[in-house]
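Spelled out from the first residue to the last, the chains are:
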Amino acid sequence: MDDSSAWKALLDNWPSGLARTGVVVSTFNEQIPFDGFMHTAAFMMVERKTPDTLGARKVIIPFSGIAAIKFVEVVGSQAFVPWGFVGAPAGKKAPG
């Protein structure tokens, strides 16, 4: 699975209990805070709470341009299980 397919799969399977907020880090190392998103087969469109310095509120970025998605809310590790994450966070014993 290439990176673009991985990002699309992640967005397709965004857990219903997880806020659709965070920060997209682009491959150009730009950090784009968002308060909602939509996506197509090739692009993610994020909406900012406040405009950037040029006045833009929405940003469309190709999946190939995404380096990371950061979470700004406090999120328990169990929220990531629907995406297939396994194990235990740092300092905790793995189940089983």
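All values reported here derive from a predicted model rather than from experimental measurement.

(A) The arrangement of the overall build of the protein in detail. Within the protein, the regular secondary structure consists of 1 helix and 6 strands. Mapped from its N terminus to its C terminus, the protein presents α and β elements in the order α-β-β-β-β-β-β. Overall, the C-alpha framework of the protein stretches about 50 × 30 × 25 Å when taken along its three principal axes. Out of the 96 residues in the protein, the part that is buried amounts to 29%. Carbon together with sulfur atoms contributes 57% to the accessible area of the protein, which is approximately 6,500 Å² in total. Of the side-chain charges in the protein, 9 are positive and 8 negative, and the distance between the mean point of each set is 7 Å.

(B) How the structure looks around the sheet that holds strand β5 (residues 58–62). Here we have 3 strands laid out as an open sheet, ordered β3-β4-β5, and antiparallel in their pairing. Edge positions in the open sheet fall to β3 (37–39) and β5, since each of these has one partner strand only. Strand-to-strand twist across the sheet, computed as the mean angle between neighbouring axes with direction ignored, equals 20 degrees. Of the strand pairs in this sheet, β3 and strand β4 (residues 43–47) are connected by 3 bridges, and their pairing is antiparallel. The residue bridging histidine 39 from the neighbouring strand is methionine 44, located in β4.

(C) Quick look at the packing of aromatic side chains. Scanning the entire structure with this criterion turns up 8 aromatic pairs. With a centroid separation of 5.3 Å and an interplanar angle of 75 degrees, the aromatic rings of tryptophan 14 and tryptophan 83 are classed as edge-to-face. Taken as a pair, tryptophan 14 in the loop between α1 (3–12) and β1 (22–26) and tryptophan 83 in the segment after β6 (66–70) lie far apart in primary sequence, 69 residues in all. Classification of tryptophan 83 by relative accessible area gives buried; the value is 17%. Seen in terms of ring centroids, phenylalanine 80 and phenylalanine 85 are 6.0 Å apart; in terms of plane orientation they differ by 80 degrees. Their pairing is edge-to-face.

(D) Looking closely at the nonpolar core. One finds Leu11, Val24, Met44, Val46, Ile66 and Ile69 to be the most contacted residues of the largest nonpolar core, which totals 18 residues. Mapped by element, the contributors of at least two residues to this core are α1, β2 (31–34), β4, β5 and β6. With 3 residues, the top contributor of residues to this core is α1. Apart from the residues lying within four places of it in its own chain, the contact partners of valine 24 are Glu30, Gln31, Ile32, Phe34, Met44, Val46, Ile61, Ile66, Ala68 and Ile69.

(E) Summary view of the environment of valine 25. Its place among the elements puts valine 25 in strand β1. Taking the C-alpha atoms as reference points, valine 25 and isoleucine 66, separated by 41 residues in sequence, lie 6.1 Å from one another. Beyond its immediate stretch of four places on either side in the chain, valine 25 contacts Glu30, Gln31, Gly65, Ile66, Ala67, Ala68 and Lys70.

What counts, and where the lines are drawn
Residues numbered from 1 in each chain as written. Predicted model: local features only at pLDDT ≥ 70, side-chain atom pairs only at ≥ 80, totals over all residues. Heavy atoms only, no water. Helix = DSSP H or I, 4+ residues; strand = E, 2+ residues; numbered from the N terminus. Buried < 20%, exposed > 50% of the residue type's maximum accessible area, 1.4 Å probe, protein only. Areas by Shrake-Rupley, 256 points an atom, 1.4 Å probe, with all protein chains shown as cover. Lys, Arg positive; Asp, Glu negative; His and termini not counted. Charge placed at Lys NZ, Arg CZ, Asp CG, Glu CD. Pairing = 2+ DSSP bridges. Axes fitted to C-alpha atoms, helices over the stretch in contact; angles between N-to-C directions. Phe/Tyr/Trp six-rings, centres within 6.5 Å; stacked < 30°, edge-to-face > 60°. Core = buried A, V, L, I, M, F, W, Y, C linked by side-chain atoms within 4.5 Å. Contact = heavy atoms within 4.5 Å.

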